[in-house]
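Observations on the model geometry
Now for the letters of each chain:
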Amino acid sequence: MTTLDACDLNDPVSRQAFDAIVVDDPRVTDLALLRSAPDDQTTPIFLNSQDTKDHPLADGGLPDDLATVLTKARARQDKNALLQDQSSEAVVLSWLWHLDTRMIAPVIDLSRPEIYRYPVLDMLGGEAANTWLVRACQRELTIPISVIDRTRNCATCASAHLNYVDRCPYCDALDIKREQAIHCFTCGFVGEQGVFRRAERLICPKCDTALKHIGTDYDRPIERMRCCGCGERFNDPRIKATCLECGTINAQADLQTHTFRSYGLGPAGEALLKGGAAPKIKYAPLAKPSDQSNSCGHSVG
Ligand SMILES: [Zn+2]
Ligand SMILES: [Zn+2]
Ligand SMILES: [Zn+2]
């Protein structure tokens, strides 16, 4: 075992191939930089601290069966037919195969319009992650494991940074309010409860009838919202999603959906790594970003 400080990690002279790297504190060590070093693109990186065992670029805490895990990883490294291939695809597949626990998984990143990103693909892949995932899945280099989340995206710019607001269904105004309305049985007048109040009593402002008993003299209509713009009353406001990136006000039916999944190594990917027969590659034309989807489940649109 060799102990390095943060400076050593960037120094090619002190660097050598390790079976695994144990990082004491990922807040101090730049794991992105570490992972991007050619020697460390697939090397297991374990975290030693109790409170940060799930950094997306690391492989969790130190496993109990470390020796077994590393022996298996080394054996795979030895027979990895893609080891000398520095293409981003080969590196991603090699990274996936190196440890059984690895998956290509999305993490939340609020600085991105799409909200999620795949850190490992950011680090290793040259292509846009979504495009690569769709292609890799079509070719069975990777397979979907589970659905992590689904976002709704702006129909204009595809951003998932949306603000859902309730609006008047008649004039689209934002200025709507809940009201307690009363319906006078004598004359049929409907108005807000406030206009019926006189001292402690409820008096119809139109026909002057004293409304004493609900169900006999008056009732409360179901319409509970009123628009301060057009004055219309309604039950259900219309929910629309304002895009915080481009300002488009999207009807809910117009929003695109994007399902984020985690992915593991697929049968064709494993065959490539083992140097087996090159899998039949189905080069399907790439779908447009607005309607990307395929049978293995990654979908945009
Ligand atoms: Zn937008
Ligand atoms: Zn209105
Ligand atoms: Zn009345």
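These notes cover the structure that comes with them. The structure displayed is predicted, hence computed values, not measured ones. (Residues numbered from 1 in each chain as written. Chains lettered and ligands numbered in written order. Predicted model: local features only at pLDDT ≥ 70, side-chain atom pairs only at ≥ 80, totals over all residues. Heavy atoms only, no water.)

On the basis of which strands lie adjacent, the open sheet formed by three strands has the order S7-S13-S14 and antiparallel pairing. Two strands close off the open sheet at either side, each with one partner strand: strand S7 (176-178) and strand S14 (233-234). Summarising the sheet, strand S13 (residues 225-227) and S14 pair through two bridges and their orientation is antiparallel. In the strand pairing of S14, arginine 226 is matched with arginine 233. (Pairing = 2+ DSSP bridges. Helix = DSSP H or I, 4+ residues; strand = E, 2+ residues; numbered from the N terminus.)

Another point: the coordination of the zinc ion (ligand 2). Looking at the zinc ion (ligand 2), the protein donor atoms are Cys168 (SG), Cys171 (SG), Cys227 (SG) and Cys230 (SG), and they sit 2.2 to 2.4 Å from it. Around the zinc ion (ligand 2) sit four donor atoms, and with donor-metal-donor angles ranging over 103 to 119 degrees the site reads as tetrahedral. Mapping the donors of the zinc ion (ligand 2) onto the primary sequence yields the spacing C-x2-C-x55-C-x2-C. Of the two residues, cysteine 171 is situated in the loop between strand S6 (162-167) and S7 and cysteine 230 in the loop between S13 and S14; the sequence distance between them amounts to 59 residues. For cysteine 171, a relative accessible area of 37% corresponds to the partly exposed category. The class for cysteine 230 is partly exposed, based on a relative accessible area of 38%. (Donors = N, O, S within 2.8 Å, 3.2 Å for Na, K, Ca; no water. Tetrahedral: all angles 85-135°; square planar, octahedral: opposite > 155°, others 65-115°. Buried < 20%, exposed > 50% of the residue type's maximum accessible area, 1.4 Å probe, protein only.)

A separate point is the coordination of the zinc ion (ligand 1). The coordination sphere of the zinc ion (ligand 1), as far as protein atoms go, consists of Cys154 (SG), Cys157 (SG), Cys243 (SG) and Cys246 (SG), spread over 2.2 to 2.4 Å. Each of the four donor atoms around the zinc ion (ligand 1) contributes to a set of angles spanning 102 to 116 degrees, which defines the coordination as tetrahedral. Mapped onto the sequence, the residues coordinating the zinc ion (ligand 1) show the spacing C-x2-C-x85-C-x2-C. Within this pair, whereas cysteine 154 is found in the loop between strand S5 (142-153) and S6, its partner cysteine 246 is found in the loop between strand S15 (238-243) and strand S16 (249-251), the two being separated by 92 residues in sequence. A residue is classified by how much of its surface remains accessible, and cysteine 154, at 0% relative accessible area, is buried.

A few words on the nonpolar core. Core analysis: the biggest nonpolar cluster contains 36 residues, and Leu31, Ile104, Tyr118 and Leu121 have the highest contact counts within it. Where this core is concerned, the elements lending two or more residues are strand S1 (21-23), helix H2 (31-36), strand S2 (45-47), helix H4 (88-98), helix H5 (119-124), helix H6 (129-138), strand S17 (256-265) and helix H8 (267-273). Considering each element in turn, this core owes the most residues, seven residues, to H4. The residues that make up this core include at least three from each of domain 1 (1-78) and domain 2 (87-153 + 256-301). Contacts of isoleucine 104, omitting those with residues within four sequence positions, involve Val92, Trp95, Leu96, Tyr118, Leu121, Trp132, Leu133, Thr142, Arg261, Ser262 and Tyr263. (Core = buried A, V, L, I, M, F, W, Y, C linked by side-chain atoms within 4.5 Å. Domains from an automatic or database assignment. Contact = heavy atoms within 4.5 Å.)

What follows is about a nonpolar patch on the surface. On the surface, Met103, Ile143 and Ile145 cluster together into a nonpolar patch covering about 240 Å² of accessible area. Tracing the backbone shows isoleucine 143 in strand S5. (Patch = residues over 30% accessible without salt bridge, like charges linked within 9 Å, V, L, I, M, F, W, Y side chains within 5 Å. Areas by Shrake-Rupley, 256 points an atom, 1.4 Å probe, with all protein chains shown as cover. Salt bridge = Lys/Arg side-chain N within 4 Å of Asp/Glu carboxyl O.)

What follows deals with the pairing of S17. In terms of burial, S17 is a largely internal element, nine of the 10 residues being buried. Sheet analysis places S5 next to S17, joined by 10 bridges and oriented antiparallel. Bridged to proline 144 within S17 is tyrosine 263.

The strand order across the open sheet formed by three strands is S9-S8-S12, and the pairing between neighbours is antiparallel. Every other strand in the sheet has two partners, leaving strand S9 (190-192) and strand S12 (218-219) as the edge strands with one partner each. When strand S8 (residues 181-184) meets S9, the two strands line up antiparallel, connected through three bridges. Bridge pairing in S9 places alanine 181 opposite glutamate 192.

Now for the pairing of S15. Regular strands place their side chains on alternate faces of the sheet. Relative to S15, S6 is paired through six bridges, and the arrangement is antiparallel. Across the sheet, aspartate 166 pairs through a bridge with isoleucine 239, a residue of S15.

This next bit is on the packing of aromatic side chains. With the rule as written, the count across this model stands at five aromatic pairs. Relative to phenylalanine 260, the ring of tyrosine 116 lies with its centre 4.9 Å away and its plane at 35 degrees, an arrangement referred to as tilted. Note that tyrosine 116 is positioned in strand S4 (residues 116-117) and phenylalanine 260 in strand S17, a separation of 144 residues in sequence. Given the relative accessible area of 1%, phenylalanine 260 is considered buried. (Phe/Tyr/Trp six-rings, centres within 6.5 Å; stacked < 30°, edge-to-face > 60°.)

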